[in-house]
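Residues per chain are reported as follows:
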Amino acid sequence: MLEIEMKFPVSDFDAIVQRLANWQAKVQPMIEEADHYFNAPDRDFGRTDEAFRLRCIGMQNRVTYKGPKQAGPTKTRTEIEIGLEPGAEAAEQFRRLVRHLGYRPTAVVRKRRTCYDFERDGFALQACCDEVETLGRFVEIEIVTESEQKQRAQEVLLQVVRDLELPASERRSYLEMVLAKQA
């Protein structure tokens, strides 16, 4: 599957939330996420533009691999995600496992996120209003689709961005921004 997304720094969410409500987007409850990123023992994910993380949402745990960004107007990359057992103990066991395999903890990105689900031109989209610790507020718009739908999904995403009147996009990941701020 491909994750096709764009991210935008914003000062507040009010106008965007109002437009999403006008589109009858379904709001999800606000969640708190902690993304624990790791670097590989055999290559530097910062140089290969990959990401490997454990995402903890309350008691829920997910492991995600993201491939290098593909060329184009959106941030598009392969994404593989699997669920783990729930709970803090399972998350800690996973972190211990990958450290024993040689993976090194890179950073933890913490955010409060409210997501809105809607459809446009046959695609399911999700808009997330994120308050990222140390970075500020961002809106992320995403489509997850098959590779053969990449071009059309990008067109739909770009139209949604225009309709939401979002500012210039931020191509860096939250991890890249957190690491840059720490440097």
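Structure first, text after, so check above.
Residues numbered from 1 in each chain as written. Predicted model: local features only at pLDDT ≥ 70, side-chain atom pairs only at ≥ 80, totals over all residues. Heavy atoms only, no water.

Colleague: Lay out unusual backbone geometry in plain terms, naming residues and giving numbers.
Modeller: A positive phi is found at Thr-134, a non-glycine position, where the angle reads about 75 degrees. Within the fold, Thr-134 resides in the loop between strand S8 (123–132) and strand S9 (136–145). Its identity is not glycine, yet Glu-165 carries a phi of approximately 55 degrees, on the positive side. We classify Glu-165 as exposed; its relative accessible area is 59%. (Helix = DSSP H or I, 4+ residues; strand = E, 2+ residues; numbered from the N terminus. Buried < 20%, exposed > 50% of the residue type's maximum accessible area, 1.4 Å probe, protein only.)

Colleague: Quick one: what's the story with the packing of aromatic side chains, residue by residue and with numbers?
Modeller: Under the defined criterion, the tally for this structure stands at six aromatic pairs. For the pair Phe-138 and Tyr-174, a centre-to-centre distance of 5.4 Å together with 70 degrees between the ring planes defines the contact as edge-to-face. With Phe-138 in strand S9 and Tyr-174 in helix H5 (residues 174–182), this residue pair connects regions lying 36 residues apart in the sequence. Feature note: the residues Phe-38, Phe-52, Phe-94 and Tyr-103 constitute an aromatic cluster, connected by ring pairs. Its end group placed over the ring of Tyr-174, Lys-7 keeps NZ or CZ at 4.5 Å from the ring centre. Over the aromatic face of Trp-23 sits the side chain of Arg-120, whose NZ or CZ is 4.3 Å from the ring centroid. (Phe/Tyr/Trp six-rings, centres within 6.5 Å; stacked < 30°, edge-to-face > 60°. Lys NZ or Arg CZ within 6 Å of the ring centre and 35° of its normal.)

Colleague: Can you lay out the pairing of strand S5 (residues 60–66) for me, pointing to particular residues and giving the numbers?
Modeller: In this sheet, S5 lies alongside strand S4 (residues 51–57) in antiparallel orientation, the contact comprising seven bridges. From the neighbouring strand, Ala-51 faces S5, where its bridge partner is Lys-66. Between the end of S4 and the start of S5, which pair antiparallel, lie two residues, with Gly-58 showing a positive phi angle near 60 degrees. Inspection of the sheet shows S5 paired to strand S6 (residues 75–83) by five bridges, in the antiparallel sense. (Pairing = 2+ DSSP bridges.)

Colleague: Any details on the environment of Glu-155? Residues and values, ideally.
Modeller: Within the fold, Glu-155 resides in helix H4 (residues 150–164). Overall, Glu-155 belongs to the partly exposed group, its relative accessible area being 36%. C-alpha separation for the pair Glu-155 and Pro-73, spaced 82 residues apart in sequence, amounts to 9.4 Å.

Colleague: Requested: an account of the pattern of salt bridges, with residues and values cited.
Modeller: Once the charged atoms of two side chains with opposite charge are near each other, the side chains can pair. The final tally for this structure, using the stated rule, is 26 salt bridges. Put simply, Lys-111 and Asp-35 hold a salt bridge, and the shortest N to O gap is 2.8 Å. Taken together, the residues Lys-111 in strand S7 (residues 104–120) and Asp-35 in strand S3 (residues 31–39) connect sequence positions 76 residues apart. Taken individually, Lys-111 and Asp-35 each receive the classification buried, so the pair is uniform in this respect. Glu-176 is the salt-bridge partner of Lys-69, the closest N and O atoms lying 3.4 Å from each other. Remark: Glu-176 occurs in helix H5 and Lys-69 occurs in the loop between S5 and S6; sequence separation between them is 107 residues. Overlapping salt bridges bring together Lys-7, Glu-33, Asp-35, Arg-55, Lys-111, Arg-113, Asp-130 and Glu-140 as one network. (Salt bridge = Lys/Arg side-chain N within 4 Å of Asp/Glu carboxyl O.)

Colleague: Kindly report on the nonpolar core, identifying the contributing residues and their values.
Modeller: Counting residues in each nonpolar core, the largest one holds 25 residues, and the members touching the most others are Leu-20, Leu-125, Val-139, Ile-141 and Leu-166. Only strand S1 (2–9), helix H1 (14–22), S7, S8, S9 and H4 provide two or more residues apiece to this core. Counting residues per element, this core draws most heavily on H4, which supplies six residues. When sequence neighbours within four positions are dropped, the list of residues in contact with Leu-166 reads Phe-8, Val-10, Ile-16, Val-139, Ile-141 and Val-161. (Core = buried A, V, L, I, M, F, W, Y, C linked by side-chain atoms within 4.5 Å. Contact = heavy atoms within 4.5 Å.)

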